[in-house]
Amino acid sequence: MSHDVRRPIEGAARLELVDGVALLHPEDAVFEAMLSGFAKQQRGGRRLDAKTVRGRDGQLRRFALFAGEYPWNWTAAHMDEWMVSLISEKGLAHSTLRGYQLTVRLFCDFLISPAYEWAAECEKRFGTHPVQICHEWNTVQHLTDYEGRGERRPFTREELQKFFDYCDDRIDVTARSRRKGALAAYRDATLFKVLYGWGLRRTEGCRLDLADFHRNAAAPELGRYGILQVRWGKATKGSPPRRRNVASVMPWAVEAVEDYVVNIRPRFGVPEHPALWLTERQGRLQPREVNDRFTAYRDAIGLPPELTPHSLRHSHVTHQIEDGVDPKFVQDQVGHRYASTTAIYTAVSGDFMNTMMRKALNHAFKRDADLGGTG
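Just so we're clear, the structure is a prediction, and the values are computed from it rather than from any experiment. (Residues numbered from 1 in each chain as written. Predicted model: local features only at pLDDT ≥ 70, side-chain atom pairs only at ≥ 80, totals over all residues. Heavy atoms only, no water.)

Go over helix 14 (residues 327–334), please, and point to the residues and values.
All buried positions along helix 14 are accounted for by F329, V330, Q331, Q333 and V334. If you check the start of helix 14, you find a side-chain oxygen 2.9 Å away from the backbone N of K328, and it comes from D326. In the stretch just after helix 14, G335 is the one whose phi turns positive, near 80 degrees. (Buried < 20%, exposed > 50% of the residue type's maximum accessible area, 1.4 Å probe, protein only. Helix = DSSP H or I, 4+ residues; strand = E, 2+ residues; numbered from the N terminus. Polar contact = N/O pair within 3.5 Å; in protein donor to acceptor, adjacent residues only side chain to side chain.)

In structure tokens:
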């Protein structure tokens, strides 16, 4: 009598993990085993040289660090965020991006292949499984419009006012038409103002929770919105996401977010959800959805294509410095580790934070009074 006993192939989960042995740190151990299996699959089945295999191992580790998740929790949104970061902040070449994407695509193919059994292993251990996260819309072909053009720039003040005016107009138009989407239009208009008002990255904004706003004793007039705790700042190598507290320095933006929290967010119907920005399906808003809405608005009013959601953050930095706010204060607000990332700064002492926050607030109140408010 014959038995169909299949021998696992090189790189399979059964060969990399000892069955029945409890792991002290199972997530880390499984991730390392996946990388080891992928290396063996490349060296054995694909005959790749050791330098290529080591390079891909490093790329996968960098992506995992950027995503802040293990491979069985990776999503296409993580890949989208990584690509935008590599283009906008590191300026990597087209060929380099293509190589990174190929690595992640091949690794995902390896993990989801039944022959290697990693999906079944993840289901057993973690209750979920890896998926393919590289698609047409978040790979080089989709992102070619970013390449070969100058550095992204901030909005001019006139462009920013035009953009915010259009955001507010869309709320009115959608509400009057009684079509679905008025809540989303209000949410997105407020989100864009928050990205600008607190100088946030898109992912930082999307991951905000209601509980991230706090009172600031130095600015009691702002109520519970005096300080914003950013919990998902961009990580450095080998570190978790960096947290920072951002002082609220634009009262009109505080008014916008307070109005949204009090009058609009409850209408999404999930008061128990922690997220600040909810979808009509009662989930957390994702970065790709922010991109889509921003692009639609930008194109509708004829603003140039080099303006992106990240330009709102650039604009916060630029406009604050133009208004005379100390560059070191701005640097700390937006979470830049090095002054050269923001601009060339003069040296200042370390005890100026409350003074500069107060100065920025006073300037903002005066500007709002002179102009009759913004946004």
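Could you give an account of the sheet that holds strand 2 (residues 227–233), naming the residues involved and the relevant values?
If you trace the three strands from one edge of the open sheet to the other, you get 1-2-3, paired in antiparallel fashion. Of all the strands in the sheet, just strand 1 (213–214) and strand 3 (242–247) have a single pairing partner and so form its edges. Inspection of the sheet shows strand 2 paired to strand 3 by five bridges, in the antiparallel sense. Bridge pairing links V230 to R244 in strand 3. (Pairing = 2+ DSSP bridges.)

Just give me the short version of the pattern of salt bridges, but keep the residues and values in it.
Under the counting rule described, the total for this entry stands at 18 salt bridges. With a shortest N-O distance of 3.7 Å, E121 and K124 are connected by a salt bridge. Here K124 and E121 lie together in helix 6 (residues 118–126), a separation of three residues that amounts to about one turn. The buried category is assigned to E121, whose relative accessible area is 12%. Judged by its relative accessible area of 56%, K124 is exposed. One salt bridge connects D188 with R187, and the closest N-O pair in it is separated by 2.8 Å. Assigned by exposure class, D188 and R187 land together as buried. Within the structure, one salt-bridge network assembled from shared partners comprises D209, D212, R231 and R284. (Salt bridge = Lys/Arg side-chain N within 4 Å of Asp/Glu carboxyl O.)

I'd like a description of the nonpolar core, backed by residues and values.
Core analysis: the biggest nonpolar cluster contains 56 residues, and F163, F192, W198 and L312 have the highest contact counts within it. Looking at this core, the elements that each hand over two or more residues are helix 8 (157–177), helix 9 (182–197), strand 2, strand 3, helix 11 (251–264), helix 12 (287–300), helix 13 (309–322) and helix 14. At eight residues, helix 9 tops the list of elements feeding residues into this core. Those residues in contact with W198 that lie beyond four places of it in its chain are F213, Y225, L228, V246, A247, S248, A253, V254, V257 and H316. V30, W72, M79 and L111 belong to the second largest nonpolar core, which has 32 residues in total. (Core = buried A, V, L, I, M, F, W, Y, C linked by side-chain atoms within 4.5 Å. Contact = heavy atoms within 4.5 Å.)

Talk me through the packing of helix 8 against helix 13; I want residue IDs and the actual numbers.
Running from amino to carboxyl end, helix 8 crosses helix 13 at an angle of 130 degrees, the nearest separation of the two axes being 11 Å. Between helix 8 and helix 13, the angle is such that the two are oblique. Regarding helix 8 and helix 13, the two cross each other, and that crossing is left-handed. Between helix 8, through R157, L160 and F164, and helix 13, the contact on the second element is made entirely by L312, H319 and E322. Tallied by class, the residues present in the contact of helix 8 with helix 13 amount to three nonpolar, one polar and two charged. (Axes fitted to C-alpha atoms, helices over the stretch in contact; angles between N-to-C directions. Parallel < 35°, antiparallel > 145°, perpendicular 65-115°, else oblique. Left-handed = near helix turned anticlockwise from the far one by under 90°. Nonpolar A, V, L, I, M, F, W, Y, C, P; charged D, E, K, R; others polar.)

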